[in-house]
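# Tertiary structure, described
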Amino acid sequence: MRFAHNFEIGDVIMPTRDYKRRGLSKGQLYEVVGQTTDKLTLKSDDGSHLEVDTTFDKAVYHSQEIEIAVGDRLQWKKNDRQLGRRNGQEFTVTAIGQEKAQIQYLDGHTESISLFPAQNLDYGWVSTTYSSQGKTANRVLIAADFTIGQESFYVAASRAKHELKIYTEDPTRLLELAQESKAKENALELLRTQVKESQQQQLVNVSNEVSTVATETVISTPVVQPVLKSVASNVQSNLEASTALPLVQPVIQETPDATKVFEKPILKPKTSVPNVAFWTPYSAPSPEHIDPEHWQELVEKKRDSPRNCSFEL
């Protein structure tokens, strides 16, 4: 959190490294006792107050008081390499004094812890599946929801020695989730799965809309029955009555016989060409005209050249 308005009075801040200019030490706890627009007022263990900005690396906690008694099982909620403490490590309270308590770990190791200031610990009756790896208990109760998978279900179920009870809202759904592996799931794969499901849902919606439109179009198409009007028949009858056309019988023409249409041609005999002159000056008076056949004989047959001929009419 980089803005002062994101903090609340009573929050506990622990710097992750030393800040000499601000007067902050790594690993020390400071309580938020005041805030302005861009600064916080912190209270240290010795009661001194520091006014600092929020632009430094830190861890923020909510302070909470819990009651403990001899015999309670507690666990650490933060790693501490200097003191050899691990996140999720369990221990039992063996004695409680004015400012300190005696604890004993499962391996028999004992330690004295201070009750002031606050410690990163919580009750050890309940733990997550991840933090319970490697642990064993006589009786185990599992609260299974939709986040469980094949790996986490195996870890949780294998912690019990004598008795195991599973609490879930849907046993059928739990059986399906316990068979699905989530070993390779990460944020990117989860995002891809959500995008793929969204695209498939959009395709289903589009296909449903198309089928609905087609169905509505077929249903909304009206069926119009033809209507026969009597006025048209009356007009037609009147027209037929006024226009009396005579009945004409069709005439069927016979197909002509091919032998009659195509007759054998008659060849006329050729006119023989006369061998005697059609006229001589001493045989008869001169003719008034010349027939074509005689002209042909005279000119084309060249019996006498026209240049040597003279006529007197």
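As a starting point, this report considers the structure included with it. (Residues numbered from 1 in each chain as written. Predicted model: local features only at pLDDT ≥ 70, side-chain atom pairs only at ≥ 80, totals over all residues. Heavy atoms only, no water.)

So, on to the overall build of the protein chain. A tally of regular secondary structure across the protein chain gives six helices and twelve strands. Looking at the protein chain as a whole, 16% of its 313 residues qualify as buried. Restricting the contact set of the protein chain to residue pairs at least 6 apart, pairs at least 24 apart contribute 46%. Accessible area for the protein chain stands at about 26,200 Å²; split by element, carbon and sulfur atoms hold 54% of it. (Helix = DSSP H or I, 4+ residues; strand = E, 2+ residues; numbered from the N terminus. Buried < 20%, exposed > 50% of the residue type's maximum accessible area, 1.4 Å probe, protein only. Contact = heavy atoms within 4.5 Å. Areas by Shrake-Rupley, 256 points an atom, 1.4 Å probe, with all protein chains shown as cover.)

To continue, consider the side chain of Glu90. If you trace the backbone, Glu90 turns up in strand β7 (residues 90–96). Look at Glu90 and you get buried, because its relative accessible area is 11%. At a separation of 3.4 Å, a polar atom in the side chain of Glu90 contacts the side chain of Lys135. (Polar contact = N/O pair within 3.5 Å; in protein donor to acceptor, adjacent residues only side chain to side chain.)

Looking now at a nonpolar patch on the surface. Among the surface-exposed residues, Leu188, Leu191 and Val195 lie close enough to one another that they form a single nonpolar patch of about 260 Å² accessible area. Within the secondary structure, Leu191 is located in helix α3 (residues 187–220). (Patch = residues over 30% accessible without salt bridge, like charges linked within 9 Å, V, L, I, M, F, W, Y side chains within 5 Å. Salt bridge = Lys/Arg side-chain N within 4 Å of Asp/Glu carboxyl O.)

To continue, consider the pattern of salt bridges. Per the stated rule, a full pass over the model turns up eight salt bridges. A salt bridge links Arg85 to Glu111; its shortest N-O distance comes to 2.8 Å. Of this pair, Arg85 sits in the loop between β6 (73–76) and β7 while Glu111 is found in strand β9 (residues 110–114), placing the two residues 26 residues apart along the sequence. One exposure class covers both Arg85 and Glu111, and it is buried. Among the ionic pairs, Glu90 bridges to Lys135, the shortest N-O distance being 3.4 Å. Here Glu90, found in strand β7, pairs with Lys135, found in the loop between β10 (121–123) and β11 (137–143); they are 45 residues apart in sequence, far enough to count as distant. A cluster of three or more residues bridged by salt bridges with shared partners is formed by Arg73, Glu90 and Lys135.

On to the pairing of β6, then. One face of the sheet, then the other: side chains in a regular strand alternate in exactly this way. Summarising the sheet, β6 and β7 pair through three bridges and their orientation is antiparallel. Among the inter-strand pairings, Gln75 is bridged to a residue of β7, identified as Glu90. Note: β6 against β10, three bridges, orientation antiparallel. Residue pairing in the sheet places Gln75 in a bridge with Asp122 of β10. (Pairing = 2+ DSSP bridges.)

This part covers the sheet that holds β9. In a beta sheet, neighbouring strands are held together by backbone hydrogen bonds and run either parallel or antiparallel to one another. Strand order in this open sheet of five strands is β9-β8-β7-β6-β10, and the pairing throughout is antiparallel. This sheet does not close on itself; its edge strands, each paired only once, are β9 and β10. Geometrically, the sheet is characterised by an average inter-axis angle of 40 degrees between neighbouring strands, direction not taken into account. (Axes fitted to C-alpha atoms, helices over the stretch in contact; angles between N-to-C directions.)

This paragraph deals with the packing of aromatic side chains. Counting across every chain of the model gives three aromatic pairs. With centroids separated by 5.6 Å and ring planes inclined at 65 degrees, the aromatic side chains of Tyr19 and Phe56 adopt a geometry described as edge-to-face. Taken together, the residues span a long stretch of sequence, with Tyr19 in the loop between β1 (11–15) and β2 (30–35) and Phe56 in the loop between β4 (49–52) and β5 (58–62) at a distance of 37 residues. Given a relative accessible area of 6%, Phe56 falls into the buried group. Ring geometry for Trp76 and Phe91: centres 5.0 Å apart, planes at 40 degrees, overall tilted. (Phe/Tyr/Trp six-rings, centres within 6.5 Å; stacked < 30°, edge-to-face > 60°.)

For helix α2 (residues 171–178), the set of buried residues is Leu174, Leu177 and Ala178. Each buried residue of α2 lies within a common arc of 95 degrees when the element is viewed along its axis, so the set occupies one face. Across from the buried face of α2, at angles greater than 90 degrees, the exposed residues are Thr172 and Leu175. Tucked inside the fold, the buried residues of α2 contact α1 (150–157) and β12 (160–167). (Arc of directions from axis to C-beta.)

Turning our attention to the nonpolar core. Within the largest apolar cluster, eleven residues are counted, these being Ala4, Phe7, Ile13, Tyr19, Leu24, Tyr30, Val32, Leu40, Leu42, Val52 and Phe56. Those elements that provide at least two residues to this core are β2 and β3 (40–43). Excluding residues within four positions of it along the chain, Phe56 makes contact with Ile13, Tyr19, Arg22 and Leu24. Core analysis: the second largest hydrophobic core is formed by eight residues, Leu74, Val93, Ala101 and Tyr105 among them. (Core = buried A, V, L, I, M, F, W, Y, C linked by side-chain atoms within 4.5 Å.)

Turning next to the layout of surface pockets. Each pocket or cavity is described by its volume, and for the largest pocket that value is around 1,100 Å³. Contributions of two or more residues to the lining of the largest pocket are made by β2, β5, β7, β9 and β10. Its boundaries defined by the atoms lining it, the second largest pocket holds a volume of some 820 Å³. Trp125, Val126, Ser127, Val140 and Leu141 are the residues nearest the centre of the second largest pocket, which is lined by 25 residues in total. Listing elements by their share of the lining of the second largest pocket, those giving two or more residues are β11 and α1. With six residues, the top contributor of residues to the lining of the second largest pocket is β11. The class makeup of the residues in the lining of the second largest pocket is eleven nonpolar, eight polar and six charged. (1 Å grid on protein atoms, 1.4 Å probe; cavity = no way out; pocket = protein on both sides within 12 Å on 5 of 7 lines; lining within 4 Å. Points joined across faces, edges and corners; volume = space filled by probe spheres on them. Nonpolar A, V, L, I, M, F, W, Y, C, P; charged D, E, K, R; others polar.)

Worth remembering: the numbers are spatial, not functional.
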